[in-house]
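Understanding the architecture of this molecule
Below, each chain spelled out in residue letters.
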Amino acid sequence: MCLTVIIMMQKKIEKINQLLIQHFGIPQKSKQLPDPLDTIIGTILSQNTNDQNSFKAYRNLKDNFNNWDEVAELKPAQIEKHIKVAGLGKQKSKAIFELLQSLKKKQSLISLNHIKNISDTKILEELTSYNGIGVKTASCVLLFSLDRNICPVDTHVHRVLNRIGLVKTNNPEKTFYEILNKIPEGTAHSFHTNLIRLGREFCKPTMPNCPKCPLLKICKYENKTKVIKANYSKRDFMLLDNLN
Ligand code: SF4
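Residues numbered from 1 in each chain as written. Predicted model: local features only at pLDDT ≥ 70, side-chain atom pairs only at ≥ 80, totals over all residues.

1. With respect to the domain arrangement of the protein
As assigned here, the protein comprises domain 1 (3-29 + 150-241) and domain 2 (36-145). Computed from C-alpha coordinates alone, the two centres of domain 1 and domain 2 are separated by 26 Å. Each partner contributes residues to the interface: domain 1 has 14 residues there, and domain 2 has 16 residues. Secondary structure elements with two or more residues in the side of domain 1 that touches domain 2: helix 10 (172-179) and helix 11 (188-201). Within the side of domain 1 that touches domain 2, the residues separate by chemical class into ten nonpolar, two polar and two charged. (Domains from an automatic or database assignment. Contact = placed C-beta atoms within 7 Å. Helix = DSSP H or I, 4+ residues; strand = E, 2+ residues; numbered from the N terminus. Nonpolar A, V, L, I, M, F, W, Y, C, P; charged D, E, K, R; others polar.)

This is how it looks when you write it as structure tokens:
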């Protein structure tokens, strides 16, 4: 990608970010950066469910055990009992179990603290080498635990960025790599969080609420809706900003 294209994309991202901040405000960050392992487990729990249910499952683990070393002593079926409120219990307990076992084999104390001083690329490489950990989960660790300027791409972020015309990709991972290193410094957290809110509250998979959308003027989506919907539900609880 040439420099001009990169600069143009940076400018577009800046514009989108400003419009979102004008509408939603600057999203609140957790006061203390959560531990990388907390974030990775929180993200596993958040797959295919809402933030409230994944938060309950996360708290069930944190409140019933003193640390992840204790959770690592459990069998997948025992982990599943504690996290079933988040759904997909078998799949998620297996992913948590395998991650904890891999870390246990590597080091005496179960932790991901060693990644704090390595580059974004190396962290992505290492975390995605664990079974069941994809680019989205790894990038959440970079943003939420290490405060790196990285924007994780879930289905909401992917859908919105394609509809408005910033990227033209067919899956979240490709969208992630398209915008990687093009986010203006210091803006990834608000950009990511507000895009999720936009996707939940306005730019839903079906029947987006285009007439009331803060990105209407810049959006290139061909099938914008025209009927004004009076209400939309405010959905601003974000799991990964509430792990502490
Ligand atoms: S204008 Fe419509 S399609 Fe475009 S981002 Fe907003 S809600 Fe989504």
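Moving on, there is more to tell.
2. Quick notes on the site of the ligand
Taken together, the neighbourhood of the ligand is formed by 14 residues, with Cys 203, Pro 208, Cys 210, Cys 213 and Cys 219 sitting nearest. Partitioning the shell around the ligand into residue classes produces eleven nonpolar, one polar and two charged. (Near = placed C-beta within 6 Å.)

3. Here we look at helix 5 (residues 76-83)
For helix 5, the set of buried residues is Ile 79, His 82 and Ile 83. Taken down its axis, helix 5 places every buried residue within 90° of arc, on the same side. Among the exposed residues of helix 5, those pointing more than 90 degrees away from its buried face are Ala 77, Gln 78 and Lys 81. Elements that come into contact with the buried residues of helix 5 comprise helix 2 (36-46), helix 3 (51-64), helix 4 (68-71) and helix 6 (89-106). (Buried ≥ 20, exposed ≤ 12 C-beta atoms within 10 Å, placed from the backbone. Arc of directions from axis to C-beta.)

4. Focus: the packing of helix 2 against helix 6
Between helix 2 and helix 6, the shortest axis-to-axis distance is 9 Å and the interhelical angle comes to 160°. By the angle between their directions, the pair helix 2 and helix 6 is classed as roughly antiparallel. Of the two possible hands of crossing, helix 2 and helix 6 adopt the one that is right-handed. Within the contact between the two elements, helix 2 uses Ile 40, Ile 41, Ile 44 and Leu 45 and helix 6 uses Lys 92, Ala 95, Ile 96 and Leu 99. For the contact of helix 2 with helix 6, the class distribution of residues is seven nonpolar, no polar and one charged. (Axes fitted to C-alpha atoms, helices over the stretch in contact; angles between N-to-C directions. Parallel < 35°, antiparallel > 145°, perpendicular 65-115°, else oblique. Left-handed = near helix turned anticlockwise from the far one by under 90°.)

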